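Descriptive structure summary
The lines below spell out each chain.
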Amino acid sequence: MPHTPDPSPTVRLRVPTDEDALAWHRVFADPEVMEFHGGRPAEYSVYEELTARQRRHDAELGHCLWTVLDGAGEVLGFTGAQPWPHASFGPVGEIEIGWRLGRAAWGHGYATAAARTTLERTRALGVREVVAMIDTRNARSVAVARRLGMRQAETYTSPVSGREAYCFRLDL
């Protein structure tokens, strides 16, 4: 009998730990995962800085990019909310939600389930609107944004990569 995936898999979100820097480095070491995030795996030090910044966001704001764990406690990647990190383009001053999962977690509903938890947490903190910036070629992430009920709004061009990204918006 064929296996039918659970439409809403079990996920747990936690504030990233020091050890999660290594886990993120490992699960994001796939060029396919990084296709829309610079095209190649990042150095370990990038994830050390990123997880440290997320711990600060959690302490100061109550939200961050959380580590996503499956039902067995395996690190799948991250999802969460953080202030838009660029001052020169995009939705400056807004709260961006995002997700990035390792290749093995794709197609199982983890990104949508984890992002829904992110929306619940940010709504509970009093955040009124979130955005998601998604490379226009990233059909998987566009599909997640639409499943979350987000509406496509502006399109921005990154001054660094020259690539276009959709800005999706959702009123909470």
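A few points on the structure. (Residues numbered from 1 in each chain as written. Predicted model: local features only at pLDDT ≥ 70, side-chain atom pairs only at ≥ 80, totals over all residues. Heavy atoms only, no water.)

**Comments concerning the overall build of the protein**
Just so we agree on the cut-off: Helix and strand definitions here come from DSSP, where helices need a minimum of 4 consecutive H or I residues and strands a minimum of 2 consecutive E residues; each element is numbered from the N-terminal end. Radius of gyration: C-alpha atoms only; globule rule: 2.2 Å multiplied by the number of residues to the exponent 0.38. Exposure is judged per residue with a 1.4 Å probe applied to protein chains only, and the accessible area is read against the type maximum: over 50% gives exposed, under 20% gives buried, and values in between give partly exposed. Whether two residues are in contact is decided by their heavy atoms, any of which lying within 4.5 Å being enough. Note on areas: Shrake-Rupley, 1.4 Å probe, and residue coverage restricted to the protein chains presented here. Note that His is not counted, nor are the chain ends; the positive residues are Lys and Arg, and the negative ones are Asp and Glu. To locate a charge, take NZ of a lysine, CZ of an arginine, CG of an aspartate or CD of a glutamate.
Within the protein, the regular secondary structure consists of four helices and seven strands. Along its sequence from the N terminus, the protein presents helices and strands in the succession β-α-α-β-β-β-α-β-α-β-β. For 172 residues, the compact-globule formula gives about 16 Å, and the C-alpha radius of gyration of the protein, at 15 Å, lands near that figure. With 172 residues in all, the protein has 45% of them scored as buried. The contacts of the protein with a sequence gap of at least 6 include a subset with a gap of at least 24, amounting to 60%. Accessible area of the protein: about 9,100 Å², with a carbon and sulfur share of 51%. The average position of the 20 basic charges and that of the 22 acidic charges among the side chains of the protein differ by 3 Å.

**Some points on the packing of aromatic side chains**
The criterion, for reference: Within 6.5 Å between ring centres, the rings of Phe, Tyr and Trp (the latter by its six-membered ring) count as paired, and their orientation is classed by plane angle as stacked under 30 degrees, edge-to-face over 60, tilted in between. Note on criteria: charge over ring means Lys NZ or Arg CZ within 6 Å of the ring centre, with the direction from the centre no more than 35 degrees off the ring normal.
Scanning the entire structure with this criterion turns up six aromatic pairs. Measuring from centroid to centroid gives 4.8 Å for Trp24 and Phe78, while their planes differ by 50°, and the two rings are tilted. On the criterion of sequence distance, the pair formed by Trp24 in helix 1 (residues 18–27) and Phe78 in strand 3 (residues 75–83) is long-range, its members being 54 residues apart. Side by side, Trp24 and Phe78 carry an identical accessibility label, which is buried. Taken together through their ring pairs, the aromatic side chains of Trp24, Phe28, Tyr47 and Phe78 make up a single cluster. Positioned above the aromatic ring of Phe28, the side-chain terminus of Arg100 is 5.0 Å from the ring centre.

**Some thoughts on the side chain of Arg169**
Convention followed: Whenever two N or O atoms come within 3.5 Å, that pair is a polar contact, provided that in protein one can donate a hydrogen and the other can accept it, and provided that, for residues adjacent in sequence, both atoms are side-chain atoms.
Note that Arg169 resides in strand 7 (residues 164–171). Classification of Arg169 as buried rests on a relative accessible area of 9%. A polar atom in the side chain of Arg169 sits 3.0 Å from the side chain of Glu154.

**Some thoughts on helix 3 (residues 110–124)**
Worth spelling out the cut-off: How far a helix is expected to stretch is found by multiplying one less than its residue total by 1.5 Å.
Look at helix 3: 21 Å from first C-alpha to last across 15 residues, which is about the 21 Å you get at 1.5 Å a residue. Of all the residues in helix 3, the buried ones are Tyr110, Ala111, Thr112, Ala113, Ala114, Ala115, Thr118, Leu119 and Thr122.

**What to know about the pairing of strand 1 (residues 11–14)**
The cut-off we apply is this: Here a strand pair is declared whenever DSSP counts at least two bridges between the two strands.
With burial as the criterion, only one face of strand 1 is covered, namely that bearing Val11 and Leu13; the residues Arg12 and Arg14 on the opposite face remain uncovered. Sheet topology places strand 1 next to strand 2 (residues 65–70); four bridges connect them, and they run antiparallel. Looking at strand 2, one finds that Val11 is bridged to Asp70.

**Observations regarding the pairing of strand 4 (residues 95–101)**
A large share of strand 4 lies buried, amounting to seven of its seven residues. By the bridge criterion, seven bridges tie strand 3 to strand 4 in an arrangement that is antiparallel. The residue bridging Pro83 from the neighbouring strand is Ile95, located in strand 4.

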